[in-house]
Amino acid sequence: MKNNSAIPKRKKTLGQIMNSEGVAGYVFILPFLIGFLAFIILPMLLSFGFSFTRYNILEKPTFIGLENYITMLTADPKFWKTFGVTLYYVFFSVPLRLIMALIVAMLLVKSTKLSGFYRAVYYLPSIIGSSVAVAILWKRLFASDGVINALLHSIGINSTTAWLGNSDTAIWTLIILAIWQFGSSMLIFLSGLKQVPVSLYESATVDGANGIQRFFKITLPMLTPTIFFNLINQIISGFMAFTQSYIITQGKPRDTTLFYTVYMYQNSFTYSKLGYGCAMAWFMVLFVGLITLILFKTQNKWVYYESERK
Amino acid sequence: MKNYKTKRITGKVIYHIFTFLFAFIMIYPLLWMVMGSFKDTTEIFKSAQKLLPSSFDFTNYKIGWQGFAGYTFAIFFKNSLIIAGLSTIGAVISSSIVAFGFARCNFKFKSLWFGCMLVAMMLPFQVIMIPQYILFNKMGWVGTYLPIIVPQFFGQGFFIFLNIQFIKGIPIDLDEAAYMDGCSIYKIFVQIILPLIKPALVTSAIFSFMWRWDDFLAALLYLSDPLKYPVSYALKMFADPTAGSDWGAMFAMATLSLLPIFFIFLTMQKYLVEGIASTGIKG
Amino acid sequence: MKKKLVSMLLALTLATGLMAGCSSKSSTQSTKDESATTDTTTTDSTTTDTAATTDSSDKVTLSLCWWGNQTRNDLTQQAVDLYMTLNPNVEIKTEFTDWSGYWDKLSAMASGGNLPDIIQMDYSYLSQYQKSNQLANLSTYIDNGTIDTSNIPSSIIDSGKIDDTCYAISLGSNAPMMVYDKEIVEKAGVEIPSQPTVEELYDLGKTIYEKTGVKTLYDGGTTTLQNTARSMGVYIYDDITAGKTEAIKKHFDYVQKFAEADFSISPDLLAEKNPDVVETKPIIDQTTWNDFSFSNQYISISNTAEREYGICMWPTTADASAQPEYLKPSMFFSVSETSQNKDEAAKFLDWFTNSSEANNVLMAERGIPINTAIADELMAKVDSISAKVFGFISEVTKIAEPIDPPNPSGAGEVDAMLKTVVENLRYGDLDSEKATEEFLTQAQQILTEAAK
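On a predicted model such as this, the values are computed, not experimentally measured, just so you know. (Residues numbered from 1 in each chain as written. Chains lettered and ligands numbered in written order. Predicted model: local features only at pLDDT ≥ 70, side-chain atom pairs only at ≥ 80, totals over all residues.)

What follows concerns the overall build of chain A. Counting secondary structure elements, chain A contains 15 helices and two strands. Intrachain contacts of chain A at a sequence separation of at least 6 include 68% that bridge at least 24 residues. (Helix = DSSP H or I, 4+ residues; strand = E, 2+ residues; numbered from the N terminus. Contact = placed C-beta atoms within 7 Å.)

A tally of regular secondary structure across chain C gives 21 helices and ten strands. A buried classification covers 51% of the 452 residues belonging to chain C. For chain C, the proportion of contacts with a sequence separation of at least 24, taken over those separated by at least 6, is 76%. (Buried ≥ 20, exposed ≤ 12 C-beta atoms within 10 Å, placed from the backbone.)

Between chain A and chain B, the residue contacts involve 86 residues of the former and 78 residues of the latter. The dominant element in the side of chain A that touches chain B, judged by the number of residues it contributes, is helix α2 (residues 18-50) of chain A, at 21 residues.

The partner chain C presents 29 residues to the 27 residues of chain A that form the contact. Those elements giving two or more residues to the side of chain A that touches chain C turn out to be α2 and α13 (260-270) of chain A. Among the elements that make up the side of chain A that touches chain C, the one with the highest residue count is α2(A) (four residues). The class makeup of the residues in the side of chain A that touches chain C is 14 nonpolar, seven polar and six charged. (Nonpolar A, V, L, I, M, F, W, Y, C, P; charged D, E, K, R; others polar.)

All names here are of chain A. Cross-referencing UniProt, the feature "transmembrane region" (unreviewed entry) maps to residues 21-46, 87-109, 121-138, 170-190, 227-248 and 274-296 in the present numbering. From the first C-alpha to the last, residues 227-248 spans 29 Å; its make-up is 91% helix and 0% strand. Its end C-alpha atoms 32 Å apart, residues 274-296 is made of 100% helix and 0% strand. (UniProt positions renumbered as here; feature names shortened; annotations may be inferred.)

Below, the discussion takes up the packing of helix α8 (residues 157-168) of chain B against helix α11 (residues 198-214) of chain B. Residue and element names in this part refer to chain B. With their axes 9 Å apart at the nearest point, α8 and α11 run at an angle of 165° to one another. Taken as axis vectors, α8 and α11 run roughly antiparallel relative to one another. Here α8 runs over α11; the crossing is right-handed. Between α8, through F159, L162, N163 and F166, and α11, the contact on the second element is made entirely by A200, T203, S204 and S208. The residue inventory of the contact of α8 with α11, partitioned by class, reads four nonpolar, four polar and no charged. (Axes fitted to C-alpha atoms, helices over the stretch in contact; angles between N-to-C directions. Parallel < 35°, antiparallel > 145°, perpendicular 65-115°, else oblique. Left-handed = near helix turned anticlockwise from the far one by under 90°.)

Residues and elements named next belong to chain C. In space, the five strands of this open sheet follow the order β2-β1-β3-β10-β6, with mixed pairing throughout. Two strands bound the open sheet, and with one partner strand each, they are β2 (90-97) and β6 (169-174). Ignoring strand direction, the axes of neighbouring strands in this sheet form an average angle of 20°. Here strand β3 (residues 118-121) runs beside strand β10 (residues 328-335); their pairing, made up of four bridges, is antiparallel. (Pairing = 2+ DSSP bridges.)

For the rest of this paragraph, the subject is the domain arrangement of chain C. Accessible area lost on assembly of the parts is the figure often given for the size of an interface. Residue and element names in this part refer to chain C. When cut into domains, chain C gives domain 1 (39-173 + 329-393) and domain 2 (176-325 + 408-451). Spacing between the C-alpha centres of domain 1 and domain 2 amounts to 30 Å. On the domain 2 side, the residues contacting the 18 residues of domain 1 number 17 residues. Contributions of two or more residues to the side of domain 1 that touches domain 2 are made by α6 (123-131) and α19 (384-399). The greatest single-element share of the side of domain 1 that touches domain 2, amounting to six residues, is contributed by α19. Of the residues in the side of domain 1 that touches domain 2, the class split is five nonpolar, nine polar and four charged. (Domains from an automatic or database assignment.)

When you line up the elements, T304(C) lands in helix α15 (residues 297-305). Note: C-alpha distance between T304(C) and I284(C) (20 residues apart in sequence) is 7.5 Å.

Residue and element names in this part refer to chain C. Reading across from one edge, β8-β7-β9 is the order of the three strands in this open sheet, with antiparallel pairing throughout. Edge positions in the sheet fall to β8 (290-294) and β9 (310-313), since each of these pairs with one other strand and no more. Between one strand axis and the next, the sheet turns through 30° on average, direction left out of account.

Residues apart from glycine generally show negative phi values, whereas peptide bonds are mostly found in trans. Unlike most non-glycine residues, F109(B) shows phi in positive territory, near 60°. Relative to the assigned elements, F109(B) resides in the loop between α4 (73-104) and α5 (110-122). Positioned with a positive phi, N133(C) is a non-glycine residue whose angle comes to about 60°. Summarising the element assignment, N133(C) is placed in the loop between α6 and α7 (139-143). We classify N133(C) as buried; it has 22 C-beta atoms within 10 Å.

For F125(B), the location among the structural elements is in helix α6 (residues 125-138). Along the backbone, F125(B) and L235(B) are 110 residues apart, and their C-alpha atoms lie at a distance of 23 Å.

All names here are of chain C. Relative to β2, strand β1 (residues 60-67) runs parallel, the two sharing eight bridges. Looking at the pairing, S63 lines up with K93 of β2. Handedness of the crossover joining β1 and β2 through helix α4 (residues 70-86): right-handed. (Right-handed = clockwise from strand over helix to strand, strands pointing away.)

Residue and element names in this part refer to chain C. Model confidence for chain C is summarised by a mean pLDDT of 81, while 87% of its residues fall at 70 or above. The spread of mean pLDDT over the elements of chain C runs between helix α2 (residues 25-32), the lowest at 34, and β3, the highest at 93. Long-range and interchain partners of residues 1-56, a stretch whose pLDDT sits below 50, account for 52 contacts in this model, where long-range means more than four residues apart. Two summary scores accompany this predicted model of the complex, namely pTM at 0.79 and ipTM at 0.78. (pLDDT = per-residue confidence, 0-100.)

With that settled, consider the environment of I162(C). All names here are of chain C. Structurally, the position occupied by I162 is in strand β4 (residues 161-162). We classify I162 as partly exposed; it has 17 C-beta atoms within 10 Å. Taking the C-alpha atoms as reference points, I162 and T280, separated by 118 residues in sequence, lie 36 Å from one another. Once you skip the residues sitting within four places of it in the chain, I162 turns out to touch S127, Q130 and Y167.

See the structure below:
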């Protein structure tokens with residue numbers, strides 16, 4: 001990690017205050033330590049404990065060993081169904097969102113008088129996040145008598161598809177929503193693009209490289225760290241997605257939009273199976289952890305760090 | 001030469017037309033919603049393909065503002081301001097303090113704690129949602145704003161990370177000079193570093209405010225008294241029974257709920273890009 | 001290192017057990033001796049009562065929560081405001097959500113022993129909450145006269161009883177009903193009988209679609225399943241436990257028959273419209289000409305659509321051996337066991353059910369008042385919409401058979417699962433044969449799991 005590079009420099013010049021610095025460091029990170037232990041570690045351990053119990057919230061938890069995990073993996077078709085739905089959602093929404101974000105970022109990297117305005121406009125869909133407002137809007141857009149069908153009609157396509165009710169299209173309305181809200185990735189790409197040295201492009205142009213070649217030979221490799229950061233972030237938030245499914249589709253139709261997190265929430269609160277919910281949570285942690293680990297392990301293969309070149 | 005110039009101008013024009021059109025498509029749904037807030041419900045349905053309302057009528061806003069069961073949206077907006085405001089203050093201050101510790105101090109197990117912070121940043125909220133609820137319940141906090149606001153005062157991973165990256169970009173000589181002048185490390189933080197990391201602070205503040213403003217899960221879990229509902233949650237309560245009957249009023253309130261964050265974003269977006277750019281996220 | 005980890009985990013599980021144990025002292029006490037449950041709870045509640053009555057002159061704060069839609073929220077809030085004006089020493093905090101969010105929230109609140117004082121309860125959740133000792137014994141208050149039951153039929157009080165102790169008071173009676181759009185039905189030139197059979201409904205749907213192009217809805221949910229089973233003289237949860245498929249198969253046969261008919265609303269549209277929420281029911285915008293609900297919902301449905309509908313009883317079957325229609329004591333109110341002011345809560349319940357002030361505001365929105373005197377009094381006053389419900393209920397009363405016993409724990413999850421199976425059937429992924437098999441296995445699994 002980058003932070004380590006700053007330390008040896010300090011050691012040489014401020015070595016004599018190491019002691020007080022050691023103390024001061026803890027003073028500064030104290031809020032984090034307390035919060036981490038109280039609001040993250042403790043709940044995580046609790047949740048781990050609960051995952052081995054039958055706990056219906058109303059009564060005391062009873063220890064049942066691995067039963068929750070066994071039921072989950074072998075006897076709950078809905079578990080695998082929702083897991084599949086979430087995987088499908090992540091698999092399509094994350095790359096498409098990143099591509100969208102990159103395209104727009106490339107468009108906006110050019111600095112003009114209107115840059116600020118464009119940036120704001122393109123970011124706009126993202127500021128409404130996964131709020132209820134967007135749920136209301138999405139329901140209306142994709143209703144059988146909604147905007148999408150009306151617009152299709154006005155260009156001559158007669159469609160009465162109930163996009164949110166059709167089990168093939170419903171999940172795609174949520175994926176489209178995810179793509180539409182590409183703002184934060186776009187901003188990160190934008191700052192990444194601005195850091196690509198102009199000299200690289202200039203020399204490439206001199207060498208006679210065209211736009212497409214420049215993109216694949218310079219922009220993309222130089223951006224890989226940014227892509228990596230975005231990818232990790234988006235994958236995690238993709239698996240965490242909750243509100244979209246919870247308020248726009250409620251998992252309908254036929255559970256084709258029932259996200260893993262919503263099913264977990266239902267188990268915990270609607271069906272009062274807290275222990276089971278916790279087991280589901282841990283399965284997800286392990287799975288997302290594994291994916292993140294794989295990505296980190298493989299990053300040497302494709303992520304290009306400038307510092308390594310030096 | 002002249003040829004080159006016209007070519008450049010046409011290029012520019014094409015660029016702007018394209019960017020503008022694409023932007024228009026992107027925000028079309030939003031525009032449609034905002035315009036819908038001025039239409040009456042039948043018009044929303046009958047002419048869904050039309051963007052502009054036949055006339056700008058504020059009736060929907062008047063009706064929507066009444067809220068439900070005697071609770072007006074004035075209450076919900078006030079609550080959202082309190083929640084988002086206090087959370088943001090807490091998150092920004094605590095995160096900058098923690099970030100300074102990580103960026104400028106050397107202490108035992110630092111990399112361990114830094115790793116923990118990264119994990120915390122990436123941990124899905126749902127995993128700790130249930131036990132957190134149980135804990136807050138034991139503490140008697142459920143039904144108050146405390147479970148929503150207090151955790152924000154212990155640093156937020158993403159903002160800590162952002163601030164660390166920013167602080168590392170500030171030349172260490174500044175600290176050293178101040179140290180030679182007899183400044184304590186705490187003074188260095190308050191008097192030297194803090195003023196310099198303004199873009200990072202503003203960026204954190206914007207993100208924090210937007211996220212807290214939109215957040216709906218926490219309110220769903222912890223609040224049950226309508227007097228305490230924030231806009232995000234009240235809108236759901238308002239939308240559910242109104243769905244299908246009064247889309248106009250719903251659009252009006254949805255539009256209003258977006259106004260504050262929209263305004264903040266518009267005025268602060270310059271800092272936002274600067275803040276993110278400075279993190280040098282590219283590694 | 002590993003050893004440490006194991007011991008830490010052990011300590012943790014212990015700690016969680018302890019923590020959860022102290023969450024509801026009264027519940028641990030009473031579970032100690034199952035046979036004496038009723039005794040313990042009675043003494044428990046009386047001791048807390050005396051504590052509460054001593055300071056009843058001071059300001060008392062009660063919390064009240066319910067699920068409902070806009071009409072109910074507004075009316076209930078008005079009634080509560082009225083009560084507070086009449087009883088200045090009582091302050092009532094209200095909380096309300098929609099049906100699905102309600103139970104999520106309630107179970108969460110119950111976990112920490114901070115249930116509201118007065119809880120709107122449903123027949124399907126009553127046993128679950130009673131079983132875990134969340135509900136106060138109301139028989140005490142009926143016996144000591146705080147809740148006056150002199151004008152309430154004993155059958156209604158019995159419906160809130162479990163093992164001879166009353167835990168919930170119903171606020172009104174309901175009956176399953178089918179609503180239909182009079183305008184469309186007239187246009188099609190058909191007549192809806194006061195209780196059609198499913199077979200008749202099929203023919204009606206066909207004619208109406210041919211004449212008007214309006215589609216038909218056939219409900220596939222738990223109420224219909226129960227209804228079909230009742231028409232065969234069977235209690236559905238007994239069948240599930242025993243693994244009997246006859247009634248279940250018949251239900252899915254009907255669902256399939258309707259699903260295959262071109263006059264039925266398409267599953268896509270049905271999913272989008274969501275008939276579970278009054279305001280988005282497909283009958284409101286005339287996508288369908290009929291819908292299914294309980295009689296108290298009639299007021300909300302016609303309020304939302306701003307027009308009157310026709311109502312008839314939930315369809316029976318052509319070869320029915322028993323009358324499936326029943327009166328459902330609905331919208332129970334319970335007092336939580338953790339309440340600090342059970343006495344005041346009981347007083348409020350008495351006022352809510354027995355006073356004409358309250359019922360004049362509430363206007364039978366939760367069902368026909370259980371107090372017969374009040375019901376008669378209201379009958380004279382109500383508008384045509386409520387009058388229709390009153391008339392309907394008195395029709396049903398003549399033929400109604402007793403209601404099924406309260407649903408077992410896990411019924412909520414079975415209900416959700418049934419919805420998915422029915423959706424799959426409608427989309428043609430399953431036939432009734434497979435649906436029966438799938439439903440039965442899963443339902444058995446859920447119920448055994450929930451009974452543990």
